[in-house]
Amino acid sequence: MVLVRSIHCRVTQLLRMTALCIIVVWCVYPVTAAQPIMVLIDLHADPFFGTPTIQQQVFRDWVDATNWTLDTADAHGAKISFLCGGDFAEWVIEDPARGNPLLQRLYASGGQLGTHSHDQVRFATHDWRSLPPNSTPPQALQLWNNHVGQVNAAITAALGVSGGPQLAVVNCSRGSHVPSDNAFRLQLMSDFGFTIHEQGPDEQFYAYFQHYPMNPNRPSGSNMLQHDPNGPVVLSPFGPVLGKNEVHFGINQDMRTPAVQARFLLEILNWLHDIHVAGTQRVWVTGWGSHCHDMLTGTPTRTEFPIMLDWLTAHFVDQPVGGNIAAQFAGVPAARDAYLAWETAH
């Protein structure tokens with residue numbers, strides 16, 4: 001309880017400091033038009049485990065949890081950017097009464113149905129098995145073909161979209177644990193036509209600064225925190241799973257609501273400085289990730305999800321701060337497009 005009160009006091013102090021800084025900025029510098037900070041929400045389905053009977057029940061539970069997430073997001077005007085693996089896509093195809101309406105809702109929300117995978121390859125229907133450590137390039141390619149192919153098949157079944165270019169518009173975002181070599185993974189993304197790298201590698205920034213990068217970039221295969229102007233994909237950085245305080249990618253990261261709010265206030269100050277002083281006109285992003293299982297009843301993420309949305313809509317989304325609208329909900333493809341427009345203009 002003492003810790004909770006301490007965190008609450010710190011956030012309250014930050015709110016007061018932010019208000020004071022806004023007043024100073026507003027008085028000293030002229031107001032110029034600026035794009036709001038884009039609030040991005042990632043939701044992806046992790047791999048299934050167990051017998052087909054167990055998988056089927058998990059799939060149904062995840063569908064229900066995702067529909068609740070969409071209902072909650074819709075009530076706040078928020079957008080959900082979705083990715084799944086081939087194993088989840090198989091169940092969408094097998095259970096179209098549940099799967100197709102879900103994919104239709106998700107695509108209408110965030111504008112993407114991307115592909116997310118760990119280290120499993122397909123042996124048969126509902127039979128996905130992990131590769132051995134240090135997978136070979138042919139094994140990595142097999143994994144990508146398995147997952148991307150199944151997700152594309154589910155998209156065709158749910159949306160009626162077919163053909164490589166048309167599917168690439170929908171299945172535009174990729175996250176994968178294999179290959180672990182960044183340069184090889186980026187090359188595969190280019191080969192498969194992906195234009196977005198799912199959030200994740202950018203979390204290494206937190207180990208140094210206790211917050212995340214605030215602007216999209218093109219990551220480099222030699223260092224994912226280094227910008228490569230010729231890189232094939234755009235990455236919009238933000239934190240991992242909302243509501244948790246745990247190790248992710250080898251780094252303990254605090255994603256409980258007070259910490260997420262405090263970092264958002266930090267970004268507001270940087271955004272204001274850019275508008276009134278630096279003038280880079282760059283794109284600003286924030287947000288969090290989540291898995292379908294994180295949205296089940298009784299989880300910290302499900303508890304804190306509406307709390308964060310309430311706070312954002314009450315104070316920042318479509319609300320003026322320092323003379324400009326501070327934030328807007330968006331899908332990750334919209335952030336990519338905004339970044340590409342900024343890149344062309346600059």
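Residues numbered from 1 in each chain as written. Predicted model: local features only at pLDDT ≥ 70, side-chain atom pairs only at ≥ 80, totals over all residues. Heavy atoms only, no water.

A. Main features of the overall build of the protein. Within the protein one finds 11 helices and 15 strands. Against the 2.2 N^0.38 benchmark of 20 Å for 346 residues, the protein shows a C-alpha radius of gyration of 20 Å, consistent with a compact globule. With respect to the three principal axes, the spread of C-alpha positions in the protein is 65 × 45 × 35 Å. The burial tally for the protein puts 51% of its 346 residues in the buried class. When the accessible surface of the protein is split by element, carbon and sulfur atoms take 57% of a total near 15,000 Å². Each charge class in the protein can be summarised by its mean position, and for the 18 positive and 28 negative side chains these summaries are 4 Å apart. (Helix = DSSP H or I, 4+ residues; strand = E, 2+ residues; numbered from the N terminus. Rg over C-alpha atoms; globule rule 2.2 N^0.38 Å. Buried < 20%, exposed > 50% of the residue type's maximum accessible area, 1.4 Å probe, protein only. Areas by Shrake-Rupley, 256 points an atom, 1.4 Å probe, with all protein chains shown as cover. Lys, Arg positive; Asp, Glu negative; His and termini not counted. Charge placed at Lys NZ, Arg CZ, Asp CG, Glu CD.)

B. Region of the structure containing the packing of aromatic side chains. Inspection of the entire model under this criterion finds 16 aromatic pairs. When the ring of Trp 288 is compared with that of Phe 305, the centres are 6.4 Å apart and the planes differ by 85°; the resulting orientation is edge-to-face. You can see Trp 288 sitting in strand E12 (residues 285–288) and its partner Phe 305 sitting in helix H10 (residues 300–315), a full 17 residues away along the chain. Across the ring face of Phe 123, the terminal group of Arg 129 is positioned such that the distance to the ring centre comes to 4.1 Å. In this structure, Arg 302 packs its charged tip against the face of Trp 68, placed 4.0 Å from the ring centre. (Phe/Tyr/Trp six-rings, centres within 6.5 Å; stacked < 30°, edge-to-face > 60°. Lys NZ or Arg CZ within 6 Å of the ring centre and 35° of its normal.)

C. Quick peek at the environment of Ser 173. One can find Ser 173 in strand E6 (residues 173–176). Taking the relative accessible area as the measure of exposure, Ser 173 reaches 2% and is therefore buried. Among all residues touching Ser 173, those that are not within four sequence positions of it are Leu 83, Gln 112, Gly 114, Thr 115, Phe 194, Ile 196 and Glu 198. (Contact = heavy atoms within 4.5 Å.)

D. Just the packing of helix H2 (residues 52–76) against H10, in detail. At their nearest, the axes of H2 and H10 sit 10 Å apart, and the two run at 15° to each other. When the axes of H2 and H10 are compared, the pair comes out roughly parallel. Our pair here, H2 against H10, has a crossing hand that is right-handed. Packed against H2, whose contacting residues are Ala 65, Trp 68, Thr 69, Thr 72, Ala 73 and His 76, the element H10 presents Arg 302, Phe 305, Pro 306, Leu 309, Asp 310 and Thr 313 at the interface. Looking at side-chain class alone, the contact of H2 with H10 contains 6 nonpolar, 4 polar and 2 charged residues. (Axes fitted to C-alpha atoms, helices over the stretch in contact; angles between N-to-C directions. Parallel < 35°, antiparallel > 145°, perpendicular 65-115°, else oblique. Left-handed = near helix turned anticlockwise from the far one by under 90°. Nonpolar A, V, L, I, M, F, W, Y, C, P; charged D, E, K, R; others polar.)

E. Just the pattern of salt bridges, in detail. The final tally for this structure, using the stated rule, is 10 salt bridges. A salt bridge links Asp 254 to Arg 256; the shortest N-O distance between them is 2.9 Å. Classification of Arg 256 as partly exposed rests on a relative accessible area of 26%. Arg 336 is the partner of Asp 337 in a salt bridge, and the nearest nitrogen-oxygen pair spans 2.9 Å. By relative accessible area, Arg 336 is classed as buried at 14%. Within this structure, Asp 71, Asp 74 and Arg 105 form a network of salt bridges that share partners. (Salt bridge = Lys/Arg side-chain N within 4 Å of Asp/Glu carboxyl O.)

F. Representation of unusual backbone geometry within the structure. Here Val 178 and Pro 179 are connected by a cis peptide whose omega angle stands at 0°. On the secondary structure map, Pro 179 appears in the loop between E6 and helix H7 (182–192). Even without glycine at this site, His 126 takes up a positive phi of about 60°. Position of His 126 among the secondary structure elements: in the loop between strand E4 (120–124) and strand E5 (127–130). At Phe 249, a position not held by glycine, the phi torsion is positive, near 55°. Here Phe 249 shows up in the loop between strand E10 (245–248) and strand E11 (251–254).

G. The arrangement of the packing of H2 against helix H3 (residues 86–94) in detail. At their nearest, the axes of H2 and H3 sit 11 Å apart, and the two run at 85° to each other. Taken together, the axes of H2 and H3 lie roughly perpendicular to each other. Between H2 and H3, the contacting residues are Pro 52, Gln 55, Gln 56, Phe 59 and Trp 62 on the first element and Phe 88, Trp 91 and Val 92 on the second. Of the residues belonging to the contact of H2 with H3, the class tally is 6 nonpolar, 2 polar and no charged.

H. Region of the structure containing the nonpolar core. Counting 59 residues, the largest nonpolar core has Phe 82, Phe 88 and Trp 288 as its most contacted members. Core analysis: the next-biggest nonpolar cluster, separate from the first, contains 14 residues, Val 148, Val 178, Leu 186 and Val 233 among them. (Core = buried A, V, L, I, M, F, W, Y, C linked by side-chain atoms within 4.5 Å.)

I. Focus on H7. Among the residues of H7, Arg 185, Leu 186, Leu 188 and Met 189 are the ones counted as buried. Taken around the axis of H7, the buried residues stretch over an arc of 155°, which confines them to a single face. Its side-chain oxygen at 3.3 Å from the backbone nitrogen of Ala 183, Asp 181 defines the N-terminal cap of H7. (Arc of directions from axis to C-beta. Polar contact = N/O pair within 3.5 Å; in protein donor to acceptor, adjacent residues only side chain to side chain.)

J. Seen up close, a nonpolar patch on the surface. Nonpolar side chains collect at one region of the surface, where Tyr 208, Phe 209 and Leu 225 lie side by side and expose about 330 Å² of accessible area between them. Following the sequence through the fold, Phe 209 ends up in helix H8 (residues 206–209). Overall, the relative accessible area of 49% leaves Phe 209 in the partly exposed class. (Patch = residues over 30% accessible without salt bridge, like charges linked within 9 Å, V, L, I, M, F, W, Y side chains within 5 Å.)

Any link to function would need more than the numbers given here.
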